[in-house]
Amino acid sequence: MMLDKYIEYVQFEKRYSPHTVTSYKKDLEDFSHFYLKTEGSDDISKADKKVIRNFIVELSENNISKRSINRKLSTLRSFYLFLLKIGEIKVSPAESISSLKFYAEKQIPISQEEMQTLSDRVLPEHHDLLDQCIIEVLYQTGMRKAELCGLMFEYVNIGGNELRVIGKGNKERFIPISEDLSHLLESYLEIRKPEDPYKSYFFVNKKGKKLSEKFVYVVVNKYLSLVTTKEKRSPHILRHSFATHVLDNGAEISKVKKILGHSSLASTQVYTNANIEQLKKVFNQAHPRASKKEEL
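Residues numbered from 1 in each chain as written. Predicted model: local features only at pLDDT ≥ 70, side-chain atom pairs only at ≥ 80, totals over all residues. Heavy atoms only, no water.

**Student:** Outline the environment of Met143, listing residues and values.
**Tutor:** With respect to the helices and strands, the residue Met143 is situated in the loop between α6 (129–141) and α7 (145–149). Distance in space between the C-alpha atoms of Met143 and Val165 is 8.4 Å, their sequence separation being 22 residues. Not counting residues within four places of it along the chain, the set of residues in contact with Met143 comprises Val137, Leu138, Leu148, Leu163, Val165, Arg173 and Arg239. (Helix = DSSP H or I, 4+ residues; strand = E, 2+ residues; numbered from the N terminus. Contact = heavy atoms within 4.5 Å.)

Set out below in structure tokens:
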């Protein structure tokens, strides 16, 4: 079946992450179910443009977010490009279908003061070294939750204050860490007791198994709830906060791009717009008009 061949392609040839492969598979299965329901067939390689548009309409009527719909459409584009590549079809039915336009919801980072309270008071009071490591690694490195869960033991260079991370598209990057974080990770090693199948992973839960992304989300949400009333309290908001804070404190955007593992500088530039107060401060300090106003 073409769907299975495509999943093997993205998994073994493109070497996408397990999370990405699972998402692609789910998107294609959703479309297959729709195609079977409306066309009486599960062979989506025969689908045309009209069916894909009807699929988008149904998703919209079911209140699926525009972001999620665009992701499913992106998956379909990739699938049909694969079919073109292997000669199964001559024209992609998804080629001329545009993504839905939407305004991305503004992500409000956790403040530096809130993160300081979390690190200095809240985390030490709970005496859970694994939880503390999860929060600090995510915030101090900007790592994605999937990257943290998949962090290999051999990729953690405590003596050299450095982590090696395999990110999206199987791309490798190196992230420097502070001595304080290195000491924290070294302390964690004293309580780390992995089961044999999971010894290659640096972080394991109390049962000795690899961390799940759901577990990481629950930990982050729990602790952020203790220091902030902001609605977003996920691992991703820690990544967002990391980027915003280091840029606010003068880090070069090109270096932050490398640390985050972004393929495009445009992805990193989003964080330069996160703190309007910082921009106002720079303006008031540097702009001649602002200076003259203060002298009056």
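**Student:** Which residues make up the environment of Lys214, and what values do they have?
**Tutor:** For Lys214, the location among the structural elements is in helix α9 (residues 213–224). In this structure, the C-alpha to C-alpha distance between Lys214 and Ala146, residues 68 residues apart in sequence, is 10.0 Å.

**Student:** Can you explain the pattern of salt bridges? Please cite residues and give values.
**Tutor:** Pairing of side chains with opposite charge becomes possible as their charged atoms draw close. Counted according to the given criterion, the structure contains 14 salt bridges. Across the pair Lys230 and Glu114 runs a salt bridge whose closest N-O atoms are separated by 2.9 Å. One end of the pair, Lys230, is in the loop between α9 and α10 (235–248); the other, Glu114, is in helix α5 (residues 112–126), and 116 residues separate them in sequence. In this structure, Lys255 engages Glu252 in a salt bridge whose closest nitrogen and oxygen atoms are separated by 3.1 Å. (Salt bridge = Lys/Arg side-chain N within 4 Å of Asp/Glu carboxyl O.)

**Student:** Explain α10 to me, using residue names and the numbers behind them.
**Tutor:** Between its first and last C-alpha, α10 extends 20 Å over 14 residues, near the 20 Å set by a 1.5 Å rise per residue. Across the 14 residues that make up α10, a large majority, 12, are buried. Of all the positions in α10, only Pro235, Ile237, Leu238, Arg239, His240, Ser241, Phe242, Ala243, Thr244, His245, Leu247 and Asp248 are classed as buried. (Expected span 1.5 Å × (residues − 1). Buried < 20%, exposed > 50% of the residue type's maximum accessible area, 1.4 Å probe, protein only.)

**Student:** Talk me through the packing of α5 against α9; I want residue IDs and the actual numbers.
**Tutor:** Contact pair α5 / α9: the axes reach a minimum separation of 11 Å and the direction vectors enclose 105°. Judged by the inter-axis angle, α5 sits roughly perpendicular to α9. Between α5 and α9, the residues in contact are Met115, Leu118, Val122, Leu123 and His126 and Lys222, Tyr223 and Leu224, respectively. Among the residues making up the contact of α5 with α9, the classes are represented as 6 nonpolar, 1 polar and 1 charged. (Axes fitted to C-alpha atoms, helices over the stretch in contact; angles between N-to-C directions. Parallel < 35°, antiparallel > 145°, perpendicular 65-115°, else oblique. Nonpolar A, V, L, I, M, F, W, Y, C, P; charged D, E, K, R; others polar.)

**Student:** So, unusual backbone geometry: which residues are in play, and what are the values?
**Tutor:** The phi angle of most residues is negative, glycine excepted, and most peptide bonds adopt the trans form. Positive phi outside glycine occurs at Asn63, with the angle close to 65°. As for its position among the elements, Asn63 is in the loop between α3 (49–61) and α4 (66–85). Judged by its relative accessible area of 72%, Asn63 falls in the exposed class. Even without a glycine there, the phi angle at Asn161 is positive, about 50°. In this fold, Asn161 is placed in the loop between β1 (156–157) and β2 (162–166). With relative accessibility at 21%, the residue Asn161 sits in the partly exposed group.

**Student:** Describe the confidence of the model for the protein chain, and please don't skip the residues or the numbers.
**Tutor:** On average, residues of the protein chain carry a pLDDT of 89, and 90% of them reach 70 or more. In the model of the protein chain, helix α14 (residues 288–295) stands out as the element of lowest mean pLDDT, 51, in contrast to α6, which has the highest, 97. Contacts of residues 292–296 to residues separated by more than four positions or lying in other chains number 1 contact, the stretch itself having pLDDT below 50. (pLDDT = per-residue confidence, 0-100.)

**Student:** Quick rundown of the packing of aromatic side chains? Include the residues and the values.
**Tutor:** According to the stated counting rule, one finds 14 aromatic pairs in the structure shown. On the numbers, 5.9 Å between centres and 75° between planes, the contact of Tyr16 with Tyr24 is edge-to-face. Taking relative accessible area as the criterion, Tyr16 reaches 25% and is therefore assigned partly exposed. Between the aromatic rings of Phe31 and Phe55, the centroid separation amounts to 5.1 Å while the plane-to-plane angle is 65°, which identifies the pairing as edge-to-face. With Phe31 in helix α2 (residues 18–39) and Phe55 in helix α3, this pair connects stretches of sequence that are 24 residues apart. Like Phe31, the residue Phe55 is buried in the burial classification. In this structure an aromatic cluster arises from ring pairing among Tyr6, Tyr9, Tyr16, Tyr24, Phe79, Tyr80 and Phe82. (Phe/Tyr/Trp six-rings, centres within 6.5 Å; stacked < 30°, edge-to-face > 60°.)

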